[in-house]
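# Architecture and fold: a report
As a plain string of letters, each chain reads:
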Amino acid sequence: MRPSAAIRATGLPAHEARQLLAHVLGVDLRSLPLVPRVSDADAAALAALAARRRTGEPLQHLTGRAFFRTVEVEVGPGVFVPRPETELLAGWALDVLRAGPGASAVVVELCAGSGAISRALATELPGPEYHAVELSGEAWPYLVRNLAGTGVRPVLADMAQALPELDGRVDLVVVNPPYVPESVRDTLPADVLHDPDLALFAGSDGLAALRVVVAASARLLRPGGWVGAEHDDTHGATAPALFAAHGGFTDIADHRDLLGRDRFVVARRAPRPDAGRMTP
Ligand SMILES: C[S@@+](CC[C@H](N)C(=O)[O-])C[C@H]1O[C@@H](n2cnc3c(N)ncnc32)[C@H](O)[C@@H]1O
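Please read all numbers here as calculations on a predicted model, not as lab measurements.

Scoring rules and cut-offs
- Residues numbered from 1 in each chain as written.
- Predicted model: local features only at pLDDT ≥ 70, side-chain atom pairs only at ≥ 80, totals over all residues.
- Heavy atoms only, no water.
- Phe/Tyr/Trp six-rings, centres within 6.5 Å; stacked < 30°, edge-to-face > 60°.
- Lys NZ or Arg CZ within 6 Å of the ring centre and 35° of its normal.
- Near = heavy atom within 4 Å.
- Polar contact = N/O pair within 3.5 Å; in protein donor to acceptor, adjacent residues only side chain to side chain.
- Areas by Shrake-Rupley, 256 points an atom, 1.4 Å probe, with all protein chains shown as cover.
- Nonpolar A, V, L, I, M, F, W, Y, C, P; charged D, E, K, R; others polar.
- Pairing = 2+ DSSP bridges.
- Helix = DSSP H or I, 4+ residues; strand = E, 2+ residues; numbered from the N terminus.
- Axes fitted to C-alpha atoms, helices over the stretch in contact; angles between N-to-C directions.
- Contact = heavy atoms within 4.5 Å.
- Domains from an automatic or database assignment.
- Salt bridge = Lys/Arg side-chain N within 4 Å of Asp/Glu carboxyl O.
- Parallel < 35°, antiparallel > 145°, perpendicular 65-115°, else oblique.
- Left-handed = near helix turned anticlockwise from the far one by under 90°.

### What to know about the packing of aromatic side chains
Aromatic rings in a pair are described by how distant their centres are and how their planes are angled relative to each other. Applying the stated criterion across every chain, the model contains 3 aromatic pairs. A connected cluster of aromatic rings, assembled from ring pairs, spans Trp92, Trp226 and Phe264. The side chain of Arg145 reaches across the aromatic face of Tyr142, ending 5.5 Å from its centre. Just above the ring of Phe249 sits the side chain of Arg269; from NZ or CZ to the centre is 5.7 Å.

### Remarks on the site of the ligand
The immediate surroundings of the ligand are formed by 19 residues, with Cys111, Glu134, Asp158, Met159 and Asn176 found nearest. Here Glu109 contributes a side-chain N or O atom positioned 3.1 Å from a nitrogen atom of the ligand. Between a nitrogen atom of the ligand and a main-chain N or O atom of Leu135, the distance comes to 3.3 Å. Contact with the protein chains covers 95% of the free accessible surface of the ligand, which is 600 Å². Split by residue class, the shell around the ligand holds 12 nonpolar, 4 polar and 3 charged.

### Some thoughts on the sheet that holds strand β7 (residues 221-230)
Spatial strand order, β5-β4-β3-β6-β7-β9-β8: 7 strands in an open sheet with mixed pairing. In the strand order of this sheet, the two ends are held by β5 (153-156) and β8 (249-256), each with one partner. The mean angle between the axes of side-by-side strands here comes to 15°, regardless of whether they run parallel or antiparallel. Pairing analysis gives 5 bridges linking strand β6 (residues 170-175) to β7, with the strands arranged parallel. Considered in β7, the bridge of Leu172 is made with Trp226. The sheet strands contacting helix α5 (residues 86-99) are β3 (106-110), β4 (129-134), β6, β7, β8 and β9 (262-269), and the helix crosses β7 at an angle near 160°. Packing against the sheet, helix α10 (residues 238-246) makes contact with β7, β8 and β9, and its axis sits at approximately 175° to β8.

### Digging into the domain arrangement of the protein
Under the domain assignment used here, the protein contains domain 1 (3-55) and domain 2 (69-269). For domain 1 versus domain 2, the separation of C-alpha centres amounts to 34 Å.

### Regarding the side chain of Thr86
Within the secondary structure, Thr86 is located in helix α5. Among the polar contacts made by the side chain of Thr86, one reaches the side chain of Asn176 at a distance of 3.5 Å. Residues in contact with Thr86, not counting those within four places in the same chain, are Phe68, Ile117, Asn176 and Glu230.

### Some words on the pattern of salt bridges
Counted under the stated rule, the structure contains 16 salt bridges. Its salt-bridge partner being Arg145, residue Glu74 comes within 2.9 Å of it at the nearest N-O pair. Residue Glu74 is located in strand β2 (residues 71-74), and its partner Arg145 is located in helix α7 (residues 140-147); the two are separated by 71 residues in the primary sequence. Here Arg256 ties to Asp262 by a salt bridge, and the two come within 3.2 Å at their closest N and O atoms.

### Comments concerning the packing of helix α2 (residues 14-25) against helix α3 (residues 40-54)
The contact between α2 and α3 brings their axes to 10 Å, and the two run at 135°. Looking at the two axes, α2 sits oblique to α3. Considering the relative orientation of α2 and α3, their crossing is right-handed. Residue-level inspection shows Glu16, Ala17, Leu20, Leu21, His23, Val24 and Leu25 of α2 in contact with α3, the latter providing Asp42, Ala45, Leu46, Leu49, Ala50 and Arg53. Of the residues in the contact of α2 with α3, the class split is 9 nonpolar, 1 polar and 3 charged.

### Side note on the packing of α5 against helix α6 (residues 116-124)
In the contact formed by α5 and α6, the axes pass within 10 Å of each other and the chain directions differ by 40°. The orientation of α5 with respect to α6, classified from their angle, is oblique. Viewed along their axes, α5 and α6 form a crossing whose handedness is right-handed. Along the contact surface, α5 presents Thr86, Leu89, Ala90, Ala93, Leu94 and Arg98, while α6 presents Ile117, Leu121 and Glu124.

This is the structure we're talking about:
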């Protein structure tokens, strides 16, 4: 069978069918146009994957991999599939590091999941001391494998108490926490619900994890250090308000994604109240 016929037979959008076919054939997506024919066995394997995809199984679970900025990570059941909109948060983090402490920075990613953000940061800007904190025992093996060889230190811990040895020393905290309000669970598309509950839901208002992020970043950051946190597109006002209410942050601002939706909040740790005071 010609590859184009096998792709059409799946009934999936062509870009998805092409990725599945490349996966079945074990070739790079760019090499697919060079494949002359698909064997019956490979066509059957493609059809089986396409059937699973049509029931809502995420494409990335079927191929076992996801792309994020300049890197690829292993994903599957038990770990959150990184989303393209989070690439902007990672880009902001790189801008902060390049404009500020650069290679001497201490960087902590909270809620690291597959480690896509940390892997991208460490690949695009090697040098800083990177730590990636994750609570889930199911996500942990993916995190360890995806960070192998990057120099990023994976940490299995609750972000609320993680890395106490870094308190007050961190230059940048970056985090994509769970932020879906429980109240919208029944309205979510089927493929989203393949992500673990711990990665998605954050209390009735979707802000429970962000409240922990505010406290954890206040504890970890040095004065002048930055935090960037992704949030639900309905939290464009409430997420910045949480940082403002803490009282220990300045330069609080919200950023939009490429579709114009409120997407992540940034804030800077205020100088300590007694900083600069003369000792009598
Ligand atoms: C939305 S996912 C983000 C994963 C990854 N950073 C990304 O952007 O693809 C949120 C992650 O936070 C983790 N998580 C939830 N509560 C946590 C906590 N208290 N401490 C550390 N990680 C937590 C979940 O297990 C999940 O992996």
